Every structure is written in C-alpha cells, then in structure tokens.
Amino acid sequence: SQRAMMRVPALAAAWREFGAANGASQVGRDILLQVSFAVSMVNGCRYCTIHQVVGLRRLGVDPTKLLAMEKDDSALTPREKTAVVFARKLTSAPWTTTDADYATLKKEFGEQGALEVVLQTSNFAFMNRFTDGLHLPSEDEAIHIYREVYGRDGLRK
C-alpha cells in the first residue's frame, strides 16, 4: 500500500505524518489493530485483513483469539469488545450509530481514546477501498502468516 501511495509523494508523506501522529495512542496498538481487523473483515478486504493478522501476531496476540474473532467476540476482553463492536457498527451501518454508542466508547476510552477508535475505523474503511480497489498483492510473508493462522490464503467469501 505504501508503494502504491508513493505514486503521489506529497499524499504519501501526508499519510505517513497522519499515521505518526497516532503513535501516542491512549487506546493501545493492539486494540487499534483489532479495530482495523474487524473493519477489514466487515468490508471483506483481503489485503487489509491479511496485514492486520500480521500486525496482531507481531504483538503476540494468540492465534486462537484471531480464529475466534472471525466467528464472534467471545475471546475479546470487555475493553477490546467495546472498540470492536463500535467499529463494526460504524463500518456496516454508520447512520445507525447513536450518541449512546459514542458515550459507551467515551466511558471506556475517554474523549481522546474514543476519537482514536472512530479515526481508526474510518482510516481502515479508506484503506480497504484503496488496497482492494487497486487489487494490491499482499507480500509473501503476510500470506504465510495468514495461512499459519487460518489454513487458507484469504477471506472466505
């Protein structure tokens, strides 16, 4: 995805700067990646789903948790579930999110953390369309790690 963005260097630089600004997350890298994973699964984005599995594995997330997330939220902590459920709802039907949904997010993560979850959700809605829209190929390492976890090359359709 980064190579594809480099076709417009100024936009690639702005995207990297935007990503770097999120480095001091109150939510935590693991939960933000779980949000990205959930959004990418809702959108059926092959590229981003594969790459989020790589990121979560590098953080040490147990593969059984990743397998479970494909089916339900039973393996998630209450904190993780709050972020992931909100992200799925915002992704699949943004017009149905309510003030109460956002209040639940704010209660768990604070004002900044809640906004981080919304931004991560929105970022991955964009990235899903960017990467799969351009039919970008995944790197061999990413495909290998995904196969280790799921026993297949990509999302079930």
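Structure first, text after, so check above.
Quick look at the structure, then.

Analysis parameters
Residues numbered from 1 in each chain as written. Predicted model: local features only at pLDDT ≥ 70, side-chain atom pairs only at ≥ 80, totals over all residues. Heavy atoms only, no water. Helix = DSSP H or I, 4+ residues; strand = E, 2+ residues; numbered from the N terminus. Buried < 20%, exposed > 50% of the residue type's maximum accessible area, 1.4 Å probe, protein only. Contact = heavy atoms within 4.5 Å. Salt bridge = Lys/Arg side-chain N within 4 Å of Asp/Glu carboxyl O. Arc of directions from axis to C-beta. Axes fitted to C-alpha atoms, helices over the stretch in contact; angles between N-to-C directions.

## Here's the deal with the side chain of Asn-123
Note that Asn-123 resides in helix H7 (residues 99-133). Residue Asn-123 is classed as buried on the basis of its relative accessible area, which comes to 13%. Residues in contact with Asn-123, not counting those within four places in the same chain, are Trp-15 and Phe-18.

## Re the pattern of salt bridges
In this structure the tally under the stated criterion is eight salt bridges. Residues Asp-73 and Arg-88 are paired through a salt bridge, measuring 2.8 Å at the closest nitrogen-oxygen approach. Of this pair, Asp-73 sits in the loop between helix H5 (63-69) and helix H6 (78-92) while Arg-88 sits in helix H6, and the two are 15 residues apart along the sequence. Among the residues examined, Arg-88 registers a relative accessible area of 22% and is labelled partly exposed. With its nearest N and O atoms 3.2 Å apart, the salt bridge here joins Glu-111 to Lys-106.

## Let's talk about helix H8 (residues 140-150)
Taken as a whole, H8 has its buried residues at Ala-142, Ile-145, Tyr-146, Val-149 and Tyr-150. Projected down its long axis, H8 shows its buried positions confined to an angular sector of 115°, all on one face. Buried residues belonging to H8 abut helix H3 (29-43), helix H4 (46-58) and H5.

## Concerning the packing of H4 against H7
It is at 7 Å that the axes of H4 and H7 come closest, and there the two elements cross at 120°. Seen from H4, the contacting residues are Arg-46, Tyr-47, Cys-48 and Gln-52; seen from H7, they are Phe-124, Met-127, Asn-128, Thr-131 and Asp-132.

## Looking at unusual backbone geometry
At His-135, a residue that is not glycine, the phi angle is positive and equals roughly 55°. Positionally, His-135 belongs in the loop between H7 and H8.

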